[in-house]
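Here's the letter readout for the chains.
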Amino acid sequence: MAQLIDGKLLSAQIRSEVKADVEKRVQLGKRAPFLTVVLIGEDPASASYVKAKAAASAEVGIGSDTLRFESSISESEVLALLARLNEDPNVDGILVQLPLPSHIDEQKVINAIAPTKDVDCFHPESVGNLVIGMDGFQPATPAGIVEMLRRSNIPTAGKHCVIIGRSNIVGKPLANLMLKKGIDSTVTVCHSRTPNLPEIARQADILVAAIGRAHFVTADMVKEGAVVIDVGINRIDDPTKERGYRLVGDVDFEAVSKKASFITPVPGGVGPMTIAVLLQNTLKASR
Ligand code: NAD
């Protein structure tokens, strides 16, 4: 039976480290770090992520505000807002919650955030720094995964890490982190056009699922003793729940946990780690 990697516990450790650093800063007479979140439209998942980010910031002493806009806001209004926030000396980190309404070009918006305030690590400059192994902001979800491995004493050097999913938010930045000197994994990235995916997945010492399909990774795709990291967050109908659904990952947890050595749960796995890294990035931005 696999050992559970408890994202709630590990993220609480990171949050308390950030909190201690924020307190030190404030004791030295410096202003507390400040994060501005931009939320456009009414997407319920986005609203709940933004709420969680604000609550986590408050808990560690990071100031934050959420600027909310109707989905009818124009692209040029968003760009003008970002230009103002870039210049605002009281704002350390800027986060525009994705996805954006279809009339707004997401990449244009990402490019308009000052790289020094890019706490989501989505700006091309941040991504470039990541690829060449320079210090800078960490991509939140991938860095959260690396922290989970590190804090669980799971070796990564020379291990075969297979990542399923090639998004700019998870798959690609994670591949770059796992390749980094000091982490030193051998990395394979699979995606929707990979024909022999189960065969490749079975070679993984560390298997990461970031697809967005409930129970995509079945036990036959997992090597005995592999470490399995489940990034997926999927809603499936569940009439026994008051809200009518429950959240599951991309991994068939029941069956895979009998084969894996370590596994992350959903919820309570990668999700909380993502927010913890965002707080670390905001603290970094304030420096
Ligand atoms: P995305 O839709 O941008 O990317 C999904 C990737 O999966 C694509 O690269 C695609 O090639 C691949 N894919 C899709 N179908 C496939 C198939 N049949 N076979 C192989 N590959 C396939 O999604 P994303 O933003 O990377 O998110 C993935 C999942 O992770 C979602 O469920 C999302 O909600 C979740 N997520 C969780 C966190 C967290 O903090 N826990 C953060 C980001 C994303």
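**Some details on the overall build of the protein chain**
Here comes step 1: Helix and strand counts for the protein chain come out as ten helices and eleven strands.
Here comes step 2: For a compact globule of 287 residues, the expected C-alpha radius of gyration is about 19 Å, and the protein chain comes in at 19 Å, within 12% of that figure.
Here comes step 3: Each principal axis of the C-alpha distribution contributes one length, and for the protein chain these read about 50 × 40 × 35 Å.
Here comes step 4: At a minimum sequence separation of 6, the contacts of the protein chain that also span at least 24 residues come to 71%.
Here comes step 5: About 13800 Å² of surface is accessible on the protein chain, with carbon and sulfur atoms providing 53% of the total.
Here comes step 6: Of the charged side chains in the protein chain, 32 are positive and 33 negative; the average position of the first set lies 4 Å away from that of the second.

**Description of the pattern of salt bridges**
Here comes step 1: Taken as a whole, this structure holds ten salt bridges when the rule is applied.
Here comes step 2: Between R150 and E147 there is a salt bridge, with its nearest N and O atoms 3.0 Å apart. In this pair, R150 and E147 both sit in helix α6 (residues 140-151), three residues apart, roughly one turn of the helix.
Here comes step 3: In this structure, E147 and R151 form a salt bridge, with 2.6 Å as the shortest nitrogen-oxygen distance. Highlighted residues: E147 and R151, both in helix α6, separated by four residues, approximately one helical turn.
Here comes step 4: Note on E147: relative accessible area 14%, which makes it buried.

**Considerations on unusual backbone geometry**
Here comes step 1: Omega for the peptide link from L98 to P99 comes to 0°, which places this bond in the cis form.
Here comes step 2: Considering the arrangement of structural elements, one finds P99 in the loop between β4 (93-96) and α4 (106-111).
Here comes step 3: V266 connects to P267 through a cis peptide bond whose omega is -5°.
Here comes step 4: Structurally, the position occupied by P267 is in the loop between β11 (262-263) and α10 (270-286).
Here comes step 5: Positioned with a positive phi, D184 is a non-glycine residue whose angle comes to about 60°.
Here comes step 6: Tracing the chain through its elements places D184 in the loop between α7 (171-179) and β6 (186-190).
Here comes step 7: The backbone of H215 sits at a positive phi, close to 55°, despite the residue not being glycine.
Here comes step 8: Note on placement: H215 falls in the loop between β7 (206-209) and β8 (227-230).
Here comes step 9: Classification of H215 by relative accessible area gives partly exposed; the value is 36%.

**A look at the sheet that holds β4**
Whenever strands of a sheet pair, they do so through backbone hydrogen bonds, lying parallel or antiparallel.
Here comes step 1: An order of β3-β2-β4 is seen for the three strands of this open sheet, with the pairing classed as parallel. What marks the edges here is a single partner per strand, and that holds for β3 (63-69) and β4. Each strand of the sheet is rotated relative to its neighbour by a mean of 15°, with strand direction disregarded.
Here comes step 2: Taken together, the four bridges between strand β2 (residues 34-40) and β4 define a ladder with parallel strand orientation. The residue bridging L35 from the neighbouring strand is G93, located in β4.
Here comes step 3: Seen against the sheet, helix α2 (residues 44-59) touches β2, β3 and β4 and runs at an angle of roughly 170° to β2.

**Quick look at the side chain of S257**
Here comes step 1: Here S257 is to be found in the loop between α9 (253-256) and β11.
Here comes step 2: A distance of 3.1 Å separates the side chain of S257 from the backbone oxygen of E254, its partner in a polar contact.
Here comes step 3: Contacts of S257, omitting those with residues within four sequence positions, involve M1, A2 and I263.

**Overview of the site of the ligand**
Here comes step 1: Surveying the vicinity of the ligand reveals 20 residues, the closest of which are R166, S167, V231, I233 and T274.
Here comes step 2: R166 has a polar backbone atom sitting 2.7 Å from an oxygen atom of the ligand.
Here comes step 3: A distance of 3.5 Å separates an oxygen atom of the ligand from a polar atom in the backbone of V231.
Here comes step 4: Calculation on the ligand without its partners gives an accessible area of 850 Å², and the protein chains cover 73% of this total.
Here comes step 5: Among the elements that take part in the shell around the ligand, α10 stands out by supplying three residues, more than any other.

**Focus: the side chain of T156**
Here comes step 1: Take T156: it is sitting in the loop between α6 and β5 (160-164).
Here comes step 2: Not counting the four nearest positions on each side in its chain, T156 is found in contact with L149, M178, I183, D184, S185 and I206.

What counts and what doesn't
Residues numbered from 1 in each chain as written. Predicted model: local features only at pLDDT ≥ 70, side-chain atom pairs only at ≥ 80, totals over all residues. Heavy atoms only, no water. Helix = DSSP H or I, 4+ residues; strand = E, 2+ residues; numbered from the N terminus. Rg over C-alpha atoms; globule rule 2.2 N^0.38 Å. Contact = heavy atoms within 4.5 Å. Areas by Shrake-Rupley, 256 points an atom, 1.4 Å probe, with all protein chains shown as cover. Lys, Arg positive; Asp, Glu negative; His and termini not counted. Charge placed at Lys NZ, Arg CZ, Asp CG, Glu CD. Salt bridge = Lys/Arg side-chain N within 4 Å of Asp/Glu carboxyl O. Buried < 20%, exposed > 50% of the residue type's maximum accessible area, 1.4 Å probe, protein only. Pairing = 2+ DSSP bridges. Axes fitted to C-alpha atoms, helices over the stretch in contact; angles between N-to-C directions. Polar contact = N/O pair within 3.5 Å; in protein donor to acceptor, adjacent residues only side chain to side chain. Near = heavy atom within 4 Å.

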